[in-house]
Amino acid sequence: MSKPLTDHEKRKQISVRGIAGLGDVAEIKKSFNRHLHFTLVKDRNVATPRDYYFALAHTVRDHLVGRWIRTQQYYYEKDPKRIHYLSLEFYMGRTLQNTMINLGLQNACDEAIYQLGLDLEELEEIEEDAGLGNGGLGRLAACFLDSMASLGLAAYGYGIRYEFGIFNQKITNGWQVEEADDWLRYGNPWEKARPEYMLPVHFYGRVEQTHEGPKWVDTQVVLAMPYDTPVPGYKNNTVNTMRLFKVFADYEAYISCQEKVNELYRNPKEWTKKVIRNIAASGKFSSDRTIAEYAREIWGVEPSDVKIPPPNEPRE
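Cut-offs applied
Residues numbered from 1 in each chain as written. Predicted model: local features only at pLDDT ≥ 70, side-chain atom pairs only at ≥ 80, totals over all residues. Heavy atoms only, no water. Helix = DSSP H or I, 4+ residues; strand = E, 2+ residues; numbered from the N terminus. Buried < 20%, exposed > 50% of the residue type's maximum accessible area, 1.4 Å probe, protein only. Contact = heavy atoms within 4.5 Å. Areas by Shrake-Rupley, 256 points an atom, 1.4 Å probe, with all protein chains shown as cover. Axes fitted to C-alpha atoms, helices over the stretch in contact; angles between N-to-C directions. Parallel < 35°, antiparallel > 145°, perpendicular 65-115°, else oblique. Left-handed = near helix turned anticlockwise from the far one by under 90°. Nonpolar A, V, L, I, M, F, W, Y, C, P; charged D, E, K, R; others polar. Patch = residues over 30% accessible without salt bridge, like charges linked within 9 Å, V, L, I, M, F, W, Y side chains within 5 Å. Salt bridge = Lys/Arg side-chain N within 4 Å of Asp/Glu carboxyl O. Core = buried A, V, L, I, M, F, W, Y, C linked by side-chain atoms within 4.5 Å. Lys, Arg positive; Asp, Glu negative; His and termini not counted. Charge placed at Lys NZ, Arg CZ, Asp CG, Glu CD. Arc of directions from axis to C-beta.

Peer 1: Give a detailed account of the overall build of the protein chain, specifying residues and quantitative values.
Peer 2: Within the protein chain one finds ten helices and ten strands. Residues counted as buried form 31% of the 316 residues belonging to the protein chain. Intrachain contacts of the protein chain at a sequence separation of at least 6 include 68% that bridge at least 24 residues. As displayed, the protein chain has an accessible area near 21,500 Å², and 54% of this comes from carbon and sulfur atoms.

Here it is in C-alpha cells:
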C-alpha cells in the first residue's frame, strides 16, 4: 500500500508543468474546430461570425489559462508582496487582440484563421468593448494592470462587474440619445465566475452593544459574486487577475418572498387556492393554446368547436 501524498506532492500533481505553444498553425486550427463543435455546439453550416469569434477566443484562452494557473501557483509558493488595486472603473477595452500580442500568437492565429477562410480583423471587431469604464481614470487603471503584469509584479485588480457600465450615444432628430450598453448579452469568454466565493456585503444599520460585544445589526445585505479575468503580461508568461464583483441587490427581497412562500405552504387550504389560481392562469403557456395560435397566425385556420368522442364511443 502506497503512503499518502504530502500537500506539496498533491500540488505538484495538478501543477501545469508544460505550456503548449500556439506557434503551430495546424494546432490552432484543430483547437478552433474543437471549440466550434464542442464548446459552441455548431458546425460551419450554421455558425455565425460571432461563433467564429468565440471559437478563436476560447482557443487563445486555453493557452492563457496554463500561464494563469502557474502564475498563481508561483505566488502561493513564494508568497511575494502583493499589490491590490481598487478602482470603480477598469476600461480594459477588447481582450482578444491584446492577449494574442502579449502571448506572441497574433501571426500564427492570423495565418490559421486565413487558412480557415476567415478574416482575423473581422473577428476582432465582433468583440464587445468591456463596459467597465467610461473615462481617463478607468483607462489608467487598466494600463496599471497591464504594466504590473508586464513587470512581473504580483498584482490584483478589484472592482465592480457592471452589467450596463457605460452607455451608447446616438443622435436622433438632432438630439443626443443615450442607450444602455448591454455588453454581456452574448456572454464573456474571458471571465470565470467564482460562485463558491460569493460574499454578503452589509450597508447601513447600526451598532448595538450586547453581552458578547458590539454588533452591527439592521443592515441592508447584498450578495457579491466574483468573476476573475486574466491579465497577461507582455511575453513574460505572467498572468495576473482582475476580480470584479457582480452585485445581487435584491437579496433581501428574495429572502422576504421565500419566507412568505414557506409560511403559505404551512397552510394547506391557502396553498391549494394559490395552486389552483396559478394553474388556471397558466393557460397561455399550454400546448393547446400554442398550437391554436400557431394555426391561426401561420396557417390562417381557426380552431373547431366540434368535440371528438373517445375511441370507444360511436360518432354521431
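Moving on from the coordinates now.
Peer 1: Any details on unusual backbone geometry? Residues and values, ideally.
Peer 2: The bulk of non-glycine residues show a negative phi, and the bulk of peptide bonds are trans. Of note, V41 is a non-glycine position whose phi angle comes to about 55°, a positive value. As for its position among the elements, V41 is in the loop between α2 (25-39) and α3 (49-78). For V41, a relative accessible area of 64% puts it in the exposed group. Even without glycine at this site, D79 takes up a positive phi of about 50°.

Peer 1: Explain the packing of α2 against helix α5 (residues 106-115) to me, and be specific about the residues and the numbers.
Peer 2: Between two packed helices, the angle of one axis relative to the other and the distance separating the axes together describe the packing. Running from N to C, α2 and α5 point in directions that differ by 60°, and their axes come no closer than 9 Å. One element, α2, and the other, α5, form an angle in the oblique class. Note on packing geometry: the crossing formed by α2 with α5 is right-handed. Contact with α2, carried on its side by V25, I28, K29 and F32, involves A108, C109, E111, A112, I113 and Q115 of α5 and no other residues of that element. Considering only residue class, the contact of α2 with α5 consists of seven nonpolar, one polar and two charged.

Peer 1: How would you explain a nonpolar patch on the surface if you had to name every residue and give the values?
Peer 2: A contiguous nonpolar surface patch, about 470 Å² in accessible area, is contributed by Y294, I298, W299 and V301. Relative to the elements of secondary structure, W299 occurs in helix α10 (residues 287-299).

Peer 1: Before we move on, could you go through the side chain of T95 and cite the residues and values that matter?
Peer 2: Along the chain, T95 falls in the loop between β1 (83-86) and α4 (96-103). Beyond its immediate chain neighbours, meaning those up to four positions away, T95 contacts E127 and W190.

Peer 1: Tell me what's going on with the nonpolar core, and back it up with residues and numbers.
Peer 2: Ranked by size, the top nonpolar core spans 29 residues in total, and within it F32, L56, V60 and I113 carry the most contacts. When residues of this core are traced back to their parent elements, those giving at least two are α2, α3, α4, α5 and α6 (120-126). It is α3 that contributes the most residues to this core, nine residues altogether. Those residues in contact with F32 that lie beyond four places of it in its chain are Y52, A55, L56, T59, I113, L116 and L118. Within the second largest apolar cluster, 15 residues are counted, among which are M92, A141, L145 and L184.

Peer 1: So, a negative patch on the surface: which residues are in play, and what are the values?
Peer 2: Among the surface-exposed residues, D110, E111, D119, E121 and E122 lie close enough to one another that they form a single negatively charged patch. Among the elements of the structure, α5 and α6 are those that each provide at least two residues to the negative patch. One can find D119 in the loop between α5 and α6. With relative accessibility at 35%, the residue D119 sits in the partly exposed group.

Peer 1: Summarise α5; cite the residues concerned and give the values.
Peer 2: Residues A108, C109, A112 and I113 constitute the buried set of α5. All buried residues of α5 project into a common sector of 125° when viewed along the axis, lining one side. Turned more than 90 degrees away from the buried face of α5 sit N107 and Y114, all of them exposed. Where the residues of α5 are buried, they touch α2, α3, α4 and α6. Positive phi appears at G117, one or two residues downstream of α5, with a value of about 80°.

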